[in-house]
Amino acid sequence: MECNERVLSFIAEWFDPAPQVYKQFLLKYHCKTNEVEMRDIRTKRVFLKKTKIPPSLKESDFFHGANILLLSRDLKLIEYADSVTRKLLEDVDERTVCVLPPSLYESLGDVIMLIENAGYTLVDLKSTCFGDAKDIDAAADVLRIDPRDLMRPEPLVAMSFRGANSIAAVNELAKASSFEGHGLSCPTNADEALSYTNFFMNRHSRTTATFEECTCCIIKPHGIKERIVGAIYNDIISRGFVVSAVAMFRLERAAAAEFLEVYDGVVPEYSEMVDEMCSGDLVALEVRLKPQIGGGGTEADRQAEVVEKFRAHAGPWDVNMAKELYSDTIRGRFGRDRIRNAIHCTDLPKDGTIEVDYFFNILADSQYIDGWK
């Protein structure tokens with residue numbers, strides 16, 4: 001969308017850590033000049049005069065629900081501030097949902113790539129399984145499929161995308177693909193999209209994480225914005241790993257700083273790493289090795305093996321080094337620089353299960369309790 005002289009207005013929310021309160025601002029983004037101004041809604045005072053923002057922030061970063069890192073403040077755009085902005089953005093911000101049945105789980109990366117390559121951005125994602133017949137019947141009823149299609153050991157995956165005319169366009173993409181005849185389900189209208197969202201995205205469901213003999217991989221926010229989640233996912237699978245759980249999360253600054261605390265004082269770019277991790281949504285994966293016949297070694301041996309093997313495939317966190325010396329690694333292929341280096345991966349064997357537990361147990365529960373989802 002070309003903005004020209006238009007101004008996009010949002011209600012932005014910021015958590016002020018000193019008094020421990022949320023503050024709201026009227027934020028205006030001037031598209032042509034790439035400038036922002038802000039006014040405190042409660043006091044009606046100017047909080048930020050019209051100011052040029054970093055070139056890394058683009059028009060496409062301003063939408064309902066977005067996280068914006070501005071002047072070291074993490075802002076969330078929680079609502080449109082005027083009818084003009086709503087009219088301009090509601091159509092291009094349309095959300096849809098795709099549900100991948102267990103039989104198509106091995107094609108998850110291909111499905112995400114299909115939709116990302118068409119220009120749609122992933123906004124939510126999670127693998128799940130059903131614990132009883134009642135849940136299976138309810139899910140099958142929403143999807144209008146045979147409940148037996150959900151009675152498989154592989155996970156079901158629900159994913160949400162945003163973009164112009166996404167409900168109709170993504171449905172057509174699915175119909176034209178080889179996946180449609182194998183159970184890929186997409187809503188055909190807004191009412192169905194709401195039904196899919198409420199059942200699969202907005203309710204707390206069982207994780208598929210095993211929390212054993214695993215390592216943690218995080219696809220960083222820039223990867224989601226660049227629409228390369230599917231490509232990274234497929235790259236991981238092609239290296240002989242199994243993804244047993246996948247979900248999208250959003251880290252508050254304090255959580256991101258705590259998660260990366262081990263790098264504080266060790267990596268010069270620590271603060272920039274924290275900025276990247278809380279600059280938007282991220283995708284967490286529980287990664288495991290393919291089962292081996294006989295399962296040699298102890299549990300500790302197998303835990304160390306998956307962490308060390310995946311770290312080797314991830315490549316150096318310094319992308320310049322990765323691209324020059326280890327160009328076939330994940331960071332060598334998808335990294336941009338030392339901060340936007342595509343993925344985070346567990347460094348130490350003992351931390352593999354700890355990091356997976358942090359996302360798929362602790363953080364997953366807290367997000368639903370706090371109402372973030």
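Each remark here, short or long, concerns the structure printed above.
Residues numbered from 1 in each chain as written. Predicted model: local features only at pLDDT ≥ 70, side-chain atom pairs only at ≥ 80, totals over all residues. Heavy atoms only, no water.

### Some thoughts on the packing of aromatic side chains
Stage number 1. What the rule picks out here adds up to 14 aromatic pairs.
Stage number 2. Judged by centre distance (4.9 Å) and plane angle (55 degrees), the ring pair of Phe15 and Tyr22 falls under tilted.
Stage number 3. One aromatic cluster is present, built from ring pairs that chain together Phe249, Phe259, Tyr358, Phe359 and Phe360.
Stage number 4. The cationic tip of Arg162 hangs over the ring face of Phe63; the distance from NZ or CZ to the ring centre is 3.7 Å.
Stage number 5. Sitting over the ring of Phe199, Arg203 keeps its end group 4.3 Å from the ring centre. (Phe/Tyr/Trp six-rings, centres within 6.5 Å; stacked < 30°, edge-to-face > 60°. Lys NZ or Arg CZ within 6 Å of the ring centre and 35° of its normal.)

### A short note on the packing of helix 2 (residues 108-116) against helix 7 (residues 229-238)
Stage number 1. Across the interface, helix 2 lies against helix 7 with an axial gap of 7 Å and an inter-helix angle of 155 degrees. The orientation of helix 2 with respect to helix 7, classified from their angle, is roughly antiparallel. Crossing handedness for the pair helix 2 and helix 7: left-handed. Residues Leu108, Gly109, Asp110, Ile112, Met113 and Glu116 of helix 2 form the contact with helix 7, whose participating residues are Val229, Gly230, Ala231, Tyr233 and Asn234. (Axes fitted to C-alpha atoms, helices over the stretch in contact; angles between N-to-C directions. Helix = DSSP H or I, 4+ residues; strand = E, 2+ residues; numbered from the N terminus. Parallel < 35°, antiparallel > 145°, perpendicular 65-115°, else oblique. Left-handed = near helix turned anticlockwise from the far one by under 90°. Contact = heavy atoms within 4.5 Å.)

### Some words on the packing of helix 3 (residues 133-143) against helix 5 (residues 190-201)
Stage number 1. One can describe the packing of helix 3 onto helix 5 by two numbers: an axis separation of 10 Å at closest approach and a directional angle of 160 degrees. Considering the angle they form, helix 3 stands roughly antiparallel to helix 5. Crossing of helix 3 over helix 5 shows left-handed handedness. Side by side, helix 3 and helix 5 meet where Asp135, Ala138, Ala139, Val142 and Leu143 of the first sit next to Ser195, Tyr196, Phe199 and Phe200 of the second.
Stage number 2. The residue makeup of the contact of helix 3 with helix 5, split by class, is seven nonpolar, one polar and one charged. (Nonpolar A, V, L, I, M, F, W, Y, C, P; charged D, E, K, R; others polar.)

### Some words on the side chain of Lys220
Stage number 1. Among the secondary structure elements, Lys220 is positioned in the loop between strand 10 (215-219) and helix 6 (221-225).
Stage number 2. Beyond its immediate sequence surroundings of up to four residues, Lys220 is in contact with Glu276, Met277, Asp281, Ile339, Asn341, Ala342, Ile343 and His344.

### Considerations on the pairing of strand 4 (residues 46-52)
Stage number 1. Where strand 3 (residues 35-40) lies against strand 4, four bridges are found, and the strand directions are antiparallel. Looking across to strand 4, one finds that Glu35 is bridged to Lys52.
Stage number 2. Taken together, strand 3 and the strand that follows it, strand 4, pair antiparallel across an intervening segment of five residues, in which Lys44 is found at a positive phi of about 65 degrees. (Pairing = 2+ DSSP bridges.)

### So, the nonpolar core
Stage number 1. In terms of nonpolar packing, the biggest core is built from 41 residues, with Met159, Val283 and Leu285 touching the most fellow members.
Stage number 2. Look past the residues within four positions of Val283 in its chain and what remains in contact with it is Leu122, Leu125, Cys217, Ile218, Ile219, Ile224, Val229, Val246, Ala247 and Met248. (Core = buried A, V, L, I, M, F, W, Y, C linked by side-chain atoms within 4.5 Å. Buried < 20%, exposed > 50% of the residue type's maximum accessible area, 1.4 Å probe, protein only.)

### Some remarks on a nonpolar patch on the surface
Stage number 1. There is a patch of nonpolar side chains on the surface, built from Met321, Leu325 and Tyr326 and spanning about 320 Å² of accessible area.
Stage number 2. For Leu325, the position within the fold is in helix 11 (residues 319-325). (Patch = residues over 30% accessible without salt bridge, like charges linked within 9 Å, V, L, I, M, F, W, Y side chains within 5 Å. Areas by Shrake-Rupley, 256 points an atom, 1.4 Å probe, with all protein chains shown as cover. Salt bridge = Lys/Arg side-chain N within 4 Å of Asp/Glu carboxyl O.)

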